[in-house]
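Spelled out, the chains give:
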Amino acid sequence: MVLVLCASHSALATTIGFSQVGSESGWRTSFSESVKAEAKKRGIELKFSDAQQKQENQIKAVRSFIAQGVDAIMIAPVVETGWKPVLREAKRARIPVVILDRNVDASGDGLFLTRIASDFVEEGRRAARWLMDETDGNCRILELQGTVGATAAIDRMKGFNEVIADFPDATIVRSQTGEFTRTKGKEVMEAMLKAENGGRDICALWSHNDEMAIGAIQAIKEAGLKPGTDMLVVSVDGVPDYFKAMADGDANATVELNPHLGAPAFDVIEAYLKGDRKVEKLITTTGDLFTQATAAEEYAKRAGK
Ligand code: AHR
């Protein structure tokens, strides 16, 4: 009888707390949905917390997961800085932490098991290489940055700038944050177009994510220009709405960002909880660059049409 109780106890679901950035983009929503679906499939009890783009909400959520004694914690951080104190608290409570997507400034301190993420610098490089090929390196560019202090914004900017530095006739004439949202992307693009003679001398928009690009495309149309033709649009994520924009000729290219981070995260956590201590410090996901050439078929696949 006791053995049966023990067996049933050991079969109790693993409880994992997940602090997510928010729901600022279609990509983020797919990421959250895929983590929830994967947890359900594996019988993991997932405590999901939406931080609404505020790090202070994330820190509160992590403290609450620690207080509840979860088996592991996953954090998709808003910004890189300010994580060490709460990560130390998790370590003291012997709760393993996995970082998803953006980074934290605590690498090398042994405060988290692993980070599962894409190479954001390379995404920026790939977007820039595509644009330089398309324009023979002669292009006046508007840039919509992601959230200030977020790895995805810092690194994409770095990679893009690194590539265009080799092209003397390629310049970023204006660069501002659109906070990774569609609304802010449109608003900031309107202001940049006004400041740049309605955008007539601009050759391309480089947006750190699809969501801001979709907002900006609307602003370009309202300014009387044809996005995708009068002004090229290049971005990152690969969300269905952006594939639709490419299929319609309103956008030109995107570097895909894989939103399915739940499965590799749960694999690492489950292995660790079973005693496996050989964990890679960084697990990198990859994605392709897509253009208008395959946009309609990709949209059909991704939107389930
Ligand atoms: O951190 C990844 C970025 O965050 C995605 O590119 C963007 O859509 C999201 O908000």
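None of these values were measured; they are calculated from a predicted model.

(A) Representation of the packing of helix H3 (residues 55-68) against helix H4 (residues 84-92) within the structure. Across the interface, H3 lies against H4 with an axial gap of 10 Å and an inter-helix angle of 10°. Regarding the angle of H3 to H4, the classification is roughly parallel. Contacts between H3 and H4 involve Ile-59, Val-62, Arg-63 and Ile-66 from the first element and Val-86, Glu-89 and Ala-90 from the second. Of the residues belonging to the contact of H3 with H4, the class tally is five nonpolar, no polar and two charged.

(B) Examining the pairing of strand E1 (residues 15-20) more closely. Among the six residues in E1, five count as buried, and that is most of the element. Bridge count between E1 and strand E2 (residues 45-50): six bridges; the pairing is parallel. Its bridge partner being in E2, Ile-16 is matched across the sheet by Leu-46. Between E1 and its parallel partner E2, the chain crosses via helix H2 (residues 26-42), and the hand of that crossover is right-handed. Bridge count for E1 against strand E3 (residues 72-75) is four bridges, and the pairing is parallel. When the sheet's bridge partners are listed, Ile-16 is paired in E3 with Ala-72.

(C) Region of the structure containing the site of the ligand. Around the ligand sit 13 residues in total, of which Ser-25, Trp-27, Ala-152, Phe-180 and Asn-209 are the nearest. Taken together, the residues of the shell around the ligand break down into five nonpolar, two polar and six charged.

(D) Expanded view of the packing of helix H5 (residues 120-135) against helix H6 (residues 151-164). Interaxial distance between H5 and H6 falls to 6 Å at its minimum, and their mutual angle equals 40°. Looking at the two axes, H5 sits oblique to H6. Our pair here, H5 against H6, has a crossing hand that is right-handed. On the side of H5, the interface is formed by Phe-120, Val-121, Glu-122, Glu-123, Gly-124, Arg-125, Ala-127, Ala-128, Arg-129 and Met-132, while H6 contributes Thr-151, Ala-152, Asp-155, Arg-156, Met-157, Lys-158, Gly-159, Phe-160, Glu-162, Val-163 and Ile-164. Its residues assigned to classes, the contact of H5 with H6 comprises ten nonpolar, three polar and eight charged.

(E) Broad picture of the nonpolar core. Val-98 and Leu-100 are the most contacted members of the largest nonpolar core, which totals 87 residues. Counting residues per element, this core draws most heavily on helix H8 (residues 210-222), at seven residues. Other than its neighbours up to four places away in sequence, Val-98 contacts Ala-72, Met-74, Phe-112, Leu-113, Thr-114, Ile-116, Ala-265, Val-268 and Ile-269.

(F) Looking closely at the sheet that holds strand E10 (residues 253-256). With mixed pairing, six strands are arranged side by side in an open sheet as E7-E6-E8-E9-E10-E12. Among the strands making up the open sheet, the edge pair consists of strand E7 (170-177) and strand E12 (289-291). Taken over all neighbouring pairs, the strand axes of this sheet differ in orientation by 20° on average, direction set aside. In terms of strand pairing, strand E9 (residues 232-237) meets E10 through four bridges, oriented parallel. Following the sheet pairing, Asp-237 is matched in E10 by Glu-256.

(G) Expanded view of the pairing of E9. Burial analysis of E9 places six of its six residues in the buried class, the great majority of the element. The side-chain alternation of E9 yields two buried faces, one formed by Leu-232, Val-234 and Val-236 and the other by Val-233, Ser-235 and Asp-237. Crossover connection from strand E8 (residues 204-207) via H8 to parallel E9: handedness right-handed. Handedness of the E9-helix H9 (residues 240-247)-E10 crossover: right-handed.

(H) Here's a closer look at the UniProt feature "domain: Periplasmic binding protein" (unreviewed entry) in the protein. UniProt records the feature "domain: Periplasmic binding protein" (unreviewed entry) at residues 16-276, using the numbering of this structure. End-to-end, the C-alpha atoms of residues 16-276 are 18 Å apart, and along that stretch the chain is 45% helix and 20% strand.

So, how was this worked out
Position numbers for residues start from 1 in each chain and track the written sequence from start to end. Only residues with pLDDT of 70 or above have their local features reported here, since the model is predicted, and side-chain atom pairs are shown and tallied only from 80 upward, although totals for entire chains, interfaces and linings are computed over all residues. Here an angle of 0 to 180 degrees is reported between the N-to-C directions of two axes, which are lines fitted to C-alpha atoms, with helices fitted over the stretch in contact. In this description a helix means any DSSP run of H or I spanning at least four residues, a strand means any run of E spanning at least two, and both kinds are numbered starting from the N terminus. Our angle categories are set so that under 35 degrees counts as roughly parallel, over 145 as roughly antiparallel, 65 to 115 as roughly perpendicular, and the remainder as oblique. Once C-beta atoms have been placed from the backbone, residue pairs whose C-beta atoms lie within 7 Å are recorded as contacts. Residues were grouped as follows: Ala, Val, Leu, Ile, Met, Phe, Trp, Tyr, Cys and Pro as nonpolar; Asp, Glu, Lys and Arg as charged; and all remaining residues, including Gly, as polar. To sort residues by exposure, count the other C-beta atoms lying within 10 Å of each residue's C-beta; 20 or more gives buried, 12 or fewer gives exposed, and values between give partly exposed, all with C-beta atoms placed from the backbone. At least two bridges found by DSSP between two strands are what make those strands a pair. When the strands point away from the viewer and the path from the first strand over the helix to the second turns clockwise, the crossover is right-handed. We call a residue near a molecule or strand when its C-beta atom, built from the backbone, sits within 6 Å of it. Less than a right angle of anticlockwise turn of the near helix away from the far helix marks a crossing as left-handed, whereas a clockwise turn marks it as right-handed. Structurally, a nonpolar core is described as a collection of buried Ala, Val, Leu, Ile, Met, Phe, Trp, Tyr and Cys residues joined by way of C-beta atoms within 7 Å. UniProt positions are given in the numbering used here, feature names are shortened, and annotations may be inferred rather than shown by experiment.

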